[in-house]
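What follows is the residue order along each chain.
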2 protein chains.
Amino acid sequence: MAAGRSLRSLGLLLLGALMISPSALPQEQRPLYLMPVPSSIQIGAGALPVDASFSVGFSGYTEPRLDRAVQRFLRQLSRQTGIPLGLKPITGSKPVLVIHTEHASKEIQELGEDESYVLEVTATGAKLSAPTPLGAMHGLQTFLQLVDVSPDGFAAPAVNINDRPRFPWRGLMIDSARHFVPLDVIKRNIDGLEAVKMNVFHWHLSENQGFRVESRKFPKLHETGSDGLYYTQGEIQDLIEYARDRGIRVVPEFDVPGHSTAWFVGYPELASAPGPYEIERKWGVFDPAFDPTDEKTYKFLDQFIGEMAKLFPDHFFHVGGDEVNGKQWDANPKIQEFIKAHDLKNNQGLQSYFNKRLEPIVAKHGKSMVGWDEVLDPTLPKDIVIQSWRGPDSLAAAAKQGFRGILSNGYYLDLGWPAARHYAVDPMTGAAATLSPEEKARILGGESCMWSEYVNWENIDSRIWPRNAAIAERLWSPQEVTDLASMYTRMEVIGDRLEWLGLTHKTYYRQMLQRIAGPSSPEEFAALRTLASVVEPVKNYTRHRTAPSEPTSATPLNRLVDAVPLESAAARRFGELVDKFIAAGCQDPASEARMRAQLTAWRDNDATLQPLAQQSFLVKEVSGTSQDLSSLGAVGLAALDFLAKGQRAPDDWKGQQLGVLQELEKPKAQLLLMPAPSVQKLVEAASTSGACSPPN
Amino acid sequence: MAAGRSLRSLGLLLLGALMISPSALPQEQRPLYLMPVPSSIQIGAGALPVDASFSVGFSGYTEPRLDRAVQRFLRQLSRQTGIPLGLKPITGSKPVLVIHTEHASKEIQELGEDESYVLEVTATGAKLSAPTPLGAMHGLQTFLQLVDVSPDGFAAPAVNINDRPRFPWRGLMIDSARHFVPLDVIKRNIDGLEAVKMNVFHWHLSENQGFRVESRKFPKLHETGSDGLYYTQGEIQDLIEYARDRGIRVVPEFDVPGHSTAWFVGYPELASAPGPYEIERKWGVFDPAFDPTDEKTYKFLDQFIGEMAKLFPDHFFHVGGDEVNGKQWDANPKIQEFIKAHDLKNNQGLQSYFNKRLEPIVAKHGKSMVGWDEVLDPTLPKDIVIQSWRGPDSLAAAAKQGFRGILSNGYYLDLGWPAARHYAVDPMTGAAATLSPEEKARILGGESCMWSEYVNWENIDSRIWPRNAAIAERLWSPQEVTDLASMYTRMEVIGDRLEWLGLTHKTYYRQMLQRIAGPSSPEEFAALRTLASVVEPVKNYTRHRTAPSEPTSATPLNRLVDAVPLESAAARRFGELVDKFIAAGCQDPASEARMRAQLTAWRDNDATLQPLAQQSFLVKEVSGTSQDLSSLGAVGLAALDFLAKGQRAPDDWKGQQLGVLQELEKPKAQLLLMPAPSVQKLVEAASTSGACSPPN
C-alpha cells in the first residue's frame, strides 16, 4: 500500500480494515492503534513476538543519549507488557530489534532537523533506521504503540513504516506561572510529548501571578515574586537535559512588557507606575507594564536575558508581548510625552518601539525572538517568530510579510473543547491555503497551550491528555488524516497507554471524586461517577464569568468542575448510539435497548446520590445537576416509548419536553449536561412525522 | 465516655453510634474513620472547620524533624481536601492547631520510647500534646484521619483523644531480595506505615535470589549477587533518615547461614560446598549454606556485620537463621567430622554452634541480634529477639525462657488471607495469655511480612494495603477492639485515604486490567472488572504448587492472579447480603432485589467478556473462571426463584446444584471464585425446610 495517496483512508484502515492487506492472515487482523498516524505504512504477514528474550542492538552511529533512550524504551515495554526485560544483557544471540543511525544530530537541537525514520517489523525481527537519533527515538515510540496483547502473547504486527513529520515545530506550552507546576509533573508531561512525537516544550515562566525561575543576577525576581514556588537553575538544567534526551527543545517564555506584576514586587522601578507591587492573586488582564521609555528597563532586560540565554540553550527565546492594556502608560505623563516626542502615535506604537529595542537584545544573546501576535510589526527583522493566539489569518498575514509563525489559536487546551474541534484546526487551511510554497514554509507548525488558571498538579494531566495527542497528530501526520471515529478510537487507547509513563490523567479522577464524595458506599460512589461521566465544565472563558465568587490562585480546585474530564466519553458514545438509531429509521432494537438501559440508569441515579449530597458540600453543589440528569433520563425514555409504539408524539408534548431540555442545557455549578442535545434528537424524532421512517 | 472499659463497643461506636454522645448535635453525628482505634476517645460538640486559614504553631520543645513533619502534614491535609495550604506563613493570628512537646526523643530511635499523645479538637481550635515528637507525629496522623468533607466544608469533629500503643514493636517486613523493590516504592510504604502508626520497617536484604546492599568491604556481594539491582549506601542512609523522620526504625536483615546463594556468587569459599554459584532464579528452600566450621566464615561475617552495623544505626540487627535444609552440611565430610568432634549431635546442633559464634560478633558491633524461630537456643544470651514465623506458641515458649519475641505467624501478607483472619491473630492469646506479667512484657509486638515471590513494583502496594492497616490496629489498639464490621468499614475508608500518600494499591489495578484486556470497549472492560472483582488468588503456598510452569524471578507477573486484590470486597459484601437475607427468614425484598441484580450481572457477564478472550491470551486464561461465574449466577438465581415461590427445592435439584458448586470451587488459572460459598447458602436455604422460616 502506497504512502500519501491512500492516506485519506488510513485513519479508518488503522482501526479495523487491515484485512485488505492480502498478506495478512485472518488471525492477525488486529487493528493498529498508532497516534500520530505515520506518513506511510505497509502491513506485512505475521507478528513479532515480544517476550523475555526481547533485546535491542545497535549498528552505525550511536551515542549515550541513544543508550538511554533504549533503556527507557525497554523499561516502557516492560511496563506495558509486564514482562521483565533487560535484567541481564543478552549476549551471543542476535538482537530482536536493531537500531541503525547514520550520524549525530545537532549538539543543541535545532528547528528543522531530520526527524524521519524507517521501521520494519517482520515475524522474526525488527529494524529501525534513521539518519540521526532524533528519528530513532520517534521510531522507538512507534514500536511501543505497535506492541499489544494477542491470542498468543504480546506481539508487534509485521509492518513497514516510513515516517516523517509534516511540521518541524510541534509543541506544548505549559503555564507554570499562574499555578506553579512541580517539576515531576513537567517531566511526566515531557514523557507524554515524546510518546506522541511532539518536539517543543514551551515553558511560560513569568506572569502577574508568579515569577518561576531563579535569577542569580536579580534574585528578588524569584525571592519576592514566587511565594517560594520557583525552579532553581539546577532544576532547569536538569529539565532541559531530560527534554533533550527525548528529542524535545525547551523554549522559555518571559512575558514582557505586560503580564509582569510579579517582576515588579522585587523591582518596582521597572514598572510604568510607582509601587509597591504585590503578587497578583486574581485572574485576568492587569495594568502593570514595564516602562518602555526608561533606559533602565533595557539595561535590566539585557542583563536578565543574557543570564537566561545562557541557561536555556535553545535558539528561540519567547518574550510574550501579549495583552498590554495600556492603562499605566496612559496614566503616566512622562510616557505620554515620550510617545509624542518620538512620534509613536499611541500605546501600540510604544509597544512596537519596545519590541524594536528588545529584539536586538535578544539577538545579541544569540537568540531568535518569539512573541505572541501583538509583537508583529513589519519593521522588525524577519528572524522573529509569531505565535498566533488570535487566529490562523494573522499567521498567514505574517507569512506573507516574511515572518515565520506557529499556530496556537484553536489549540488552547484550557478552553474545554472536544478533541474533534482541535483536530479540525489545521495551520494550512483558511488564508494559509492560498500562500505560495515559500510562504507556506514559514508556517512552522503549532503549539497546544495549557493556561493554568484552573489547573494544578492534580488535574493538569487530565486537561492536557489525551486531547493533546489529537493535536500532536494534526501537526505530525499527513493533512489528509482526518477521520474522527478513527481518531477517537485511537486516542482512547493511547490515553490508556500514556498512563504507563506515570501520567495521571486517569488515576487522579477517582481520587478527586472520592474526596468530593467522602466516605461512601460502592453504590453511592458509582452514582457520583455516573453523574461525573456525563458532565463537562463550561467552555471557553465562561468559567471565570460564572464563578460563584471571584476565583484566585488560593481558590481550591476540588469541585466536580475541577475533577471531570473536559470531554465526556459517555456522552459522545450515547450521541453515536442515538445517531445510529435514528439513521436506522428507529428500527434498531439493540441500540434501543442500550439507550433505554442508559437512560434508565440516568433517571434513577439521583435517588442513589442524594444521601451523599446530605453529607458533602461538594456533592450538594451538584445536586441540581443530578436532578437534571434524572429529568433527562425521563424525557429520553418517554421519547423512546413513543418511538417504540410507532406513535407520533403530540406537539404539546414536544413543546413541553423541549422546554424541559432548554432548562437542562443551562449550566449549573459550572457544569454542562452533555447528553442533552442527543436526547433532544430523540424528542424530535418522536414528534416529527417521517423523521424516523425506516431507511429504504 | 471512659477509656478501656467501653472499648469493646468502640469499634462499632466509631462506625455510626456517635449519637450516643449526649453533647453531639444531630447534624454532627458523622462516623469517625480512625485506624488504628485510639486507646481512649471522647466526642465533643461541633467541629473544627478546615479551610485556607488553617495553620499550625508550636509551643514547648521543637526540632527540625517536627517542622518537616508539619510540612508533610500540611501537604497531606492539602491533598486530602484540595485546599491550598501553607503558601504563605500566617503571621499575627493564633494558629488553629498548636503542637506542644516536652523534650526530644532519642537520637537513634529506641524500642519502647514513649509514643503517647493527647489530641483535643474543639470547634475553634486544636491542641496536640506529647512528651516527644514521636507522639506528636502519631497525633498528626490521627488529626488527618479526623478531617473529612461535611455539609459545610471540610472539618474535624470535636474530640478528646488520649492515645498510646499497646505494643512497642509494630512492624512491616518487606523482602527486597526475591524481587527487587525500588526505593520509591519502599518510601511510599514507609509513608503508609506512618499513617497507621507502625514504627518498624524490617528490611529483608539478602536471599538466594539476590544481595541488595552495596558493600564496600566485599563489593562482589552486590556486584555479582544482584543483577545490578541493589541499594547504594547513600540510598540506604537516605531511607533511614526518611524513616526516622516518620518515627520508624529500620531493622536490616541479612539472612545466614541459609538463604544465602547470592552471597556465594562472589564469595564461593564461604559456602559448605564448592562453587561456582549463580544467583538463584527459582523459589523455595535451597541447599547452599555458610560453612559454620570454617573460621573464615566468622572473620568475613565480623567484617561484614561491622560495616553494616555502622550503616544501619538501629540497635537491632536481624540475622535470619531460618530454613537451613542441611544438605550441603550432610554432603561435606569435613563438616560432619566437625559435628562429631564438637559433640554437636546433628545439623541443628551445628546451627546452634553457628548462632553462638555469631551472637558475640553482632553484640561486639553494638547490636542486639534478632532471628527467626530457628535461632532459639536456651544457651544464647537473653538479649536476642525471636521473630516467630512458626506460631504464637513458640513465642510464648521463648518468653518463658526469658527471650523477647515478636509475632509474624498469622501476619504473612503474601498468603492471601482476608484482613479478618490477620485481625483475629493476637500476640497475647493462646499460650501467651497464661504468661506472667513479666513474661508477657517480653512479647514486644509483631510484624507483618511481605515476601516477594509474587510481587514487584507494580502490585506490591496492593498486597500490603489496606490489609496491613488491620494488623497495625491489632498491634496499636486495645486488645478489646475486635469488631469486624467496624474494622472493614474503616479499613476501606483508610484504604482510599492512603492513596493521597502516593501508594498505588488502587490505581495499579485498572492499569493491570487494561494490559490484560488490551484495547477494549467500555462494556468489555467492565466485564473484565466484574470478573476480577469476585476472584482471589489461591491461598497460602498453593500458588507455587499449582503454577502452570515452574515460576522464577523472570516470570512475568501480568496475569489476572497478579492483578486482583487478595481480598474480594464484592464477594464479602454479597456474603453479608446473603446472611442478612437468610437471617430475615428470606423475607427481605430489598436484599433479594440486590442479590438478584448481582447474580444476573454475574450470569450474563461471560457473554460480554468472551470477545476479549479471543483477542488476549491473558483473558483467554481466565475464560473458564468467567464461565464458572456465569454458572454461579444461574445457580443463585434458581435458588432465589424457589425461595420467592416459597417452595422447598427438591433434593435432586439440591444435589445437582451442590455438585455444580463443588466444581466451581476448584481453582482455575490459580483463582478462586469467592462468592461460591454464599451461593451455596442460598441453595441450602432453598432446599432445607425451615432453614428459611421468618424470624419470630
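Preceding block: the structure.
First, a word on what this report is: a plain description of the structure on this page.

### Looking at the packing of aromatic side chains
Okay, step 1: On inspection of all chains with the given rule, the structure shows 64 aromatic pairs over all chains.
Okay, step 2: Both rings, one in Tyr298(B) and one in Phe354(B), keep their centres 5.9 Å apart while their planes meet at 40°; by these two values the pair is tilted. You can see Tyr298(B) sitting in helix 8 (residues 295-311) and its partner Phe354(B) sitting in helix 11 (residues 347-364), a full 56 residues away along the chain. Each of the two residues, Tyr298(B) as well as Phe354(B), counts as buried.
Okay, step 3: Relative to Trp451(B), the ring of Trp372(B) has its centre 5.6 Å away and its plane inclined at 45°; by these criteria the two rings are tilted. Here Trp372(B), found in strand 14 (residues 368-372), pairs with Trp451(B), found in the loop between strand 17 (443-450) and helix 15 (460-464); they are 79 residues apart in sequence, far enough to count as distant. Accessibility classification places Trp372(B) together with Trp451(B) in one group, the buried group.
Okay, step 4: Residue placement shows Arg246(A) over the ring face of Tyr242(A); its charged tip is 3.5 Å from the ring centre.
Okay, step 5: The ring of Trp476(B) carries Lys197(B) above its face, with NZ or CZ at 5.9 Å from the centroid.

### Details of the pairing of strand 7 (residues 153-163) of chain A
Residues and elements named next belong to chain A.
Okay, step 1: Taking burial as the measure, the 11 residues of strand 7 include nine buried ones, the bulk of the element.
Okay, step 2: Two elements, strand 4 (residues 117-121) and strand 7, share five bridges in a ladder whose sense is antiparallel. Each residue of the ladder has a partner; that of Glu120, found in strand 7, is Asn160.
Okay, step 3: Relative to strand 7, strand 6 (residues 148-150) runs antiparallel, the two being bridged by three bridges. Bridge assignment links Ser150 to a residue of strand 7, and that residue is Gly153.

### A short note on the packing of helix 23 (residues 589-615) of chain A against helix 25 (residues 623-645) of chain A
Residue and element names in this part refer to chain A.
Okay, step 1: Taken N-terminus to C-terminus, the directions of helix 23 and helix 25 make an angle of 155°; their axes are 8 Å apart at the nearest point. The pairing of helix 23 with helix 25 is recorded here as roughly antiparallel in orientation. By crossing handedness, the relation of helix 23 to helix 25 is classed as left-handed.
Okay, step 2: Here the residues of the contact of helix 23 with helix 25 sort into 11 nonpolar, nine polar and five charged.

### Thoughts on the pattern of salt bridges
Okay, step 1: Enumeration over the complete set of coordinates arrives at 84 salt bridges over all chains.
Okay, step 2: Among the ionic pairs, Arg178(B) bridges to Asp175(B), the shortest N-O distance being 2.9 Å.
Okay, step 3: The closest approach of N and O atoms between Arg390(B) and Glu374(B), which form a salt bridge, is 3.7 Å. With a gap of 16 residues between them, Arg390(B) in the loop between strand 15 (385-388) and helix 12 (392-400) and Glu374(B) in the loop between strand 14 and strand 15 connect regions that are remote in the sequence.
Okay, step 4: In this structure Arg390(B) comes out as exposed when scored by relative accessible area, which is 52%.
Okay, step 5: One connected set of salt bridges, linked through shared partners, spans Asp175(A), Arg178(A), Glu207(A) and Glu453(A).

### Things to note about the interface of chain A and chain B
Okay, step 1: Each partner contributes to the interface: chain A provides 54 residues, whereas chain B provides 54 residues.
Okay, step 2: Regarding the contact of chain A and chain B, the summed buried area is about 4000 Å², with carbon and sulfur atoms giving 57% of it.
Okay, step 3: Taken together, the links from chain A to chain B amount to four salt bridges.
Okay, step 4: Between Arg594(B) and Glu523(A) there is a salt bridge; the shortest N-O distance is 3.5 Å.
Okay, step 5: Our count for the chain A to chain B interface comes out at 17 residue pairs in polar contact (both at pLDDT 80 or more).
Okay, step 6: Sorting the residues of the side of chain A that touches chain B by element identifies helix 2 (64-81), strand 6, strand 7, helix 17 (484-497), helix 18 (507-517), helix 19 (522-533), helix 23 and helix 24 (617-620) of chain A as the ones contributing at least two each.
Okay, step 7: With eight residues, helix 18 of chain A is the largest single contributor of residues to the side of chain A that touches chain B.
Okay, step 8: Taken together, the residues that form the side of chain A that touches chain B break down as 21 nonpolar, 16 polar and 17 charged.

### A few points about the pairing of strand 9 (residues 200-204) of chain A
All names here are of chain A.
Okay, step 1: The element strand 9 is extensively covered by neighbouring structure, given that five of its five residues are classed as buried.
Okay, step 2: Burial along strand 9 is two-sided: the residues Val200, His202 and His204 and Phe201 and Trp203 are all buried.
Okay, step 3: By the bridge criterion, five bridges tie strand 8 (residues 169-175) to strand 9 in an arrangement that is parallel. Across the sheet, Asp175 pairs through a bridge with His204, a residue of strand 9.
Okay, step 4: Once you follow strand 8 into helix 4 (residues 183-195) and on to strand 9, the crossover reads as right-handed.
Okay, step 5: In this sheet, strand 12 (residues 249-256) lies alongside strand 9 in parallel orientation, the contact comprising five bridges. Within strand 12, the position partnered with Phe201 by the bridge is Val250.

### Overview of the relation of the copies chain A and chain B
Okay, step 1: Expressed as a screw transformation, the operator carrying chain A onto chain B has a rotation angle of 180° and an axial translation of 0.0 Å, and the superposed copies differ by an RMSD of 0.0 Å. Classification of the inter-copy transformation places it as that of a two-fold axis. Residues of chain A ranked by C-alpha distance from the rotation axis are headed by Thr507(A), positioned 3.0 Å from it.
Okay, step 2: A symmetric contact is evident, with 100% of the interface residues of chain A recurring at the interface of chain B.

Reading the values: the criteria
Residues numbered from 1 in each chain as written. Chains lettered and ligands numbered in written order. Predicted model: local features only at pLDDT ≥ 70, side-chain atom pairs only at ≥ 80, totals over all residues. Heavy atoms only, no water. Phe/Tyr/Trp six-rings, centres within 6.5 Å; stacked < 30°, edge-to-face > 60°. Helix = DSSP H or I, 4+ residues; strand = E, 2+ residues; numbered from the N terminus. Buried < 20%, exposed > 50% of the residue type's maximum accessible area, 1.4 Å probe, protein only. Lys NZ or Arg CZ within 6 Å of the ring centre and 35° of its normal. Pairing = 2+ DSSP bridges. Axes fitted to C-alpha atoms, helices over the stretch in contact; angles between N-to-C directions. Parallel < 35°, antiparallel > 145°, perpendicular 65-115°, else oblique. Left-handed = near helix turned anticlockwise from the far one by under 90°. Nonpolar A, V, L, I, M, F, W, Y, C, P; charged D, E, K, R; others polar. Salt bridge = Lys/Arg side-chain N within 4 Å of Asp/Glu carboxyl O. Contact = heavy atoms within 4.5 Å. Buried area = accessible area lost by both parts, 1.4 Å probe. Polar contact = N/O pair within 3.5 Å; in protein donor to acceptor, adjacent residues only side chain to side chain. Right-handed = clockwise from strand over helix to strand, strands pointing away. Least-squares fit on C-alpha atoms with pLDDT ≥ 70 in both.

That is the geometry; function is a separate question.
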